[in-house]
Amino acid sequence: MKKIIALDVGSSNIKACVFDANDKLNLLYNKTVKVGLYSPKIGYAEHDANEMWNILSSAIKDIFSDGAIKKEDIALVSICSQAQCVVLVDKDGNALTPVFNSQDARAVDTFKKYYSSGLTFADLNLRKLLICLFDSGFLPGSAKDPVFKFKWAEDNMKEAYAKSYKWLDIKDFLIMKLTGEFVTTTDNAHAYTIYKSNKNNKTWAKKACGCFKVDMNKLPKVVDCKEVVGTINEKVSKETGLAVGTPVIGGLIDSSAVQYGSGAAEVGETMIYWGTSGWIGAVTDKFTINVVTKCGSLIASEKNRFHYYEVLDSAGASYAWIKEHIVSDDGLLGTVDTLLDGVYNNMNEVLKDIPTGSDGLMFAPWITGVRAPMEASDIGGMFINIKRNMGKKHFIKAVAEGICYHYRLLMESNKKNVKYPKVVRFVGGGAKSVQIAQILADITGCTVEVPYNPQNAGVYGAAILALYALGENNRSLVDVAHLQKAEKVFTPIEKNSKIYDKYYSIYKKIYRKNHKILSNLTKIRESVGE
């Protein structure tokens, strides 16, 4: 039987999986390898591009190590990855810069340089805002958007920029290493925010690029997600163990892959993702954008469909932070190791020991800034209302609740564009916890459905795209995505929801009341040196 290799490249891990190419999408092989995410300065978040390739190629090669899976049986390779990263490469495909991660906020001053002057709306130059909206249908509205990282590299890494041939995302870079082709996919191009997403002739948006003086010659060719980009050559075959001639398709960015992998693929269906970063994703039949929150729709892989997103940069990152910096080896929660599920399992278990609302302790999950509902890359997270009788367990639960409060905030900010859902699919590492899934249901008031293997929603999405690309049974992509069924269902507990409603009314005010204070603290920290 033919098989599919699905790869998921995240901020923390790379996953290499093998699936049967049939309706059951049987997961035959699954390996997760940790990747480095480095922060050499405050606000920086970057990967080593060559390290990422070495880890990926080695993870693929390990698939064939015991002989159970034959390289000749691989029908397609499909990859999904984090989006809105930037790496500059030369004509030979050599990386000239680090991979600037999606959470990287080094370009705050660059963002201000292009947007702060003249008449503004929602802190954006009104003229440029209108040009982008009319030309591309989207707008680069955050210092973390790829345009500003690209421009930062032009201003601050002049030699690398001068030698560069193309600007790629991390998925584009790894596909280039696999096939030799310099391409990106339609969903990724849209995430660049300078692509004609609202027009029938989908091309890079010349006027929008002009607003930010982007050299369009450095932008890659755009291909369809299910299109075969290229095949494996002899050199790459030796590095990866893949057979020469194995086809590689364009793949998906993580948000698109997780949407399909969650099973929430039809218009009106919504999912919540809790990985290192997190987001709300809703399927719509029209392109929408929220200028105030600077979030909007991305092109889906099926015609006339869009995925509307609101982003929380630090979902699982906040939970990982408390594990690594507050949870210690005290005999209660186990040894701190970022790869051991056991620590997280113990953390999740103690959530039951603390009352709903954590006795009034609240946490704002903004440790890498805020993307939505209002952009603020320069602020940090915080605990509020710490009392003497509170211990480690209170802090753990407050973090879990704070993340869920913010998900509700994102869904409410969506309401003008997307109807508030009654049911959501919940995926990502956080969805493995029944305690967190119940808290999410209680805080949002939604029925929460968790599919099988929720932490692998990205690779399932990549596999679903590959199965669709193979054209078996002439099914739509939505039909293939609906192979993912709910395994567990959580309904809101009324008495908990009433308590959470009161705390949530306070949470909504935290950002508005504290934004300037947090921003000023960051400025002071930067002024006194690192």
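Residues numbered from 1 in each chain as written. Predicted model: local features only at pLDDT ≥ 70, side-chain atom pairs only at ≥ 80, totals over all residues. Heavy atoms only, no water.

Draft legend 1. Focus on the pattern of salt bridges. Enumeration over the complete set of coordinates arrives at 17 salt bridges. Residues Glu412 and Arg408 are paired through a salt bridge, measuring 3.2 Å at the closest nitrogen-oxygen approach. On the criterion of helical spacing, the pair formed by Glu412 and Arg408 is a turn pair, its members being four residues apart in helix α13 (residues 392-413). Look at Arg408 and you get buried, because its relative accessible area is 13%. (Salt bridge = Lys/Arg side-chain N within 4 Å of Asp/Glu carboxyl O. Helix = DSSP H or I, 4+ residues; strand = E, 2+ residues; numbered from the N terminus. Buried < 20%, exposed > 50% of the residue type's maximum accessible area, 1.4 Å probe, protein only.)

Draft legend 2. Fine view of the confidence of the model for the protein. In the predicted model, the protein carries a mean pLDDT of 89, and the fraction of residues at 70 or more is 95%. pLDDT under 50 marks residues 331-340. Its contacts with residues more than four places away, or in other chains, come to 28 contacts. (pLDDT = per-residue confidence, 0-100. Contact = heavy atoms within 4.5 Å.)

Draft legend 3. Broad picture of the sheet that holds strand β23 (residues 423-427). Taken together, eight strands build an open sheet; the order of strands is β18-β19-β20-β17-β16-β23-β24-β25 and the sheet is mixed. If you trace the sheet from one side to the other, it starts and ends with β18 (289-290) and β25 (486-490), each paired once. Pairing geometry for β18 and strand β19 (residues 295-299), over two bridges, is antiparallel. Each bridged residue has a counterpart across the sheet, and for Ile289 the counterpart in β19 is Gly296. (Pairing = 2+ DSSP bridges.)

Draft legend 4. Examining the packing of aromatic side chains more closely. All chains considered together, the criterion is met by 25 aromatic pairs. Pairing Tyr44 with Trp152 gives two aromatic rings, centres 6.1 Å apart and planes at 85°, and the pair type is edge-to-face. Separated by 108 residues along the polypeptide, Tyr44 in the loop between β3 (27-34) and β4 (46-47) and Trp152 in helix α4 (residues 146-156) bring together distant segments of the chain. Ring centres of Tyr195 and Trp204 lie 5.5 Å apart, and the angle between their planes is 75°; this geometry places the pair in the edge-to-face category. Take Tyr195 and Trp204: they sit in the same class, and that class is buried. An aromatic cluster is built from Phe150, Tyr161, Trp167, Tyr192, Tyr195 and Trp204, whose rings are joined through pairwise contacts. (Phe/Tyr/Trp six-rings, centres within 6.5 Å; stacked < 30°, edge-to-face > 60°.)

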